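Chain residues, written in single-letter form:
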Amino acid sequence: MGASEADWRSGGVAPEEDLDDDSLVRPFIITGGRTQHHRVTLRVEALVVVTDVEPRGSLQFEHAQIVELCQAPISVAEVAARLNVPLGVAQILVGDLADAGIVKVHESTPIATPTLLLRMIDAVRAL
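Residues numbered from 1 in each chain as written. Predicted model: local features only at pLDDT ≥ 70, side-chain atom pairs only at ≥ 80, totals over all residues. Heavy atoms only, no water.

Asker: Go over unusual backbone geometry with me, naming the residues and quoting the values.
Answerer: Most peptide bonds take the trans configuration, and most residues that are not glycine carry a negative phi. Of note in this structure, Asn84 is not a glycine but carries a positive phi near 60 degrees. Mapped onto the elements, Asn84 comes out in the loop between α4 (76-83) and α5 (87-99). By relative accessible area, which is 67% here, Asn84 ends up exposed. (Helix = DSSP H or I, 4+ residues; strand = E, 2+ residues; numbered from the N terminus. Buried < 20%, exposed > 50% of the residue type's maximum accessible area, 1.4 Å probe, protein only.)

Encoded structure:
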């Protein structure tokens, strides 16, 4: 039995494997076990900005952090990176705030449709 294992068994420092398990549980707790938002689906490049709607009651810690980050438009991917959470977790949390009207989501409209892409491929082949 190594020194770190003995420390852990006596109530001291936990082994590194156990510390990694905590990071796996945290996103599950933050989202309340949800793997996707029930009404809002966000693309990673969607821009998010706060509105003038005041939140009712206190916000969950991560929701409050998102409100702070979104004072200027920021992408959902950047929110995930700055909060250091998986992208899916950020999408759910931003979706919660959008659902409550606290943030506004600006989705980009896809310009390249499949028909347009096929026409472009044909034009390149014709060269």
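Asker: Which residues make up the environment of Asp96, and what values do they have?
Answerer: Looking at the secondary structure, you find Asp96 in helix α5. Note on Asp96: relative accessible area 18%, which makes it buried. Sequence separation of Asp96 and His37 is 59 residues, and the distance between their C-alpha atoms is 7.5 Å. Each residue touching Asp96, except ones within four places of it in the same chain, is listed here: Arg34, His37 and His63. Of note is the side chain of Asp96, whose polar atom sits 3.1 Å from the side chain of His63. (Contact = heavy atoms within 4.5 Å. Polar contact = N/O pair within 3.5 Å; in protein donor to acceptor, adjacent residues only side chain to side chain.)

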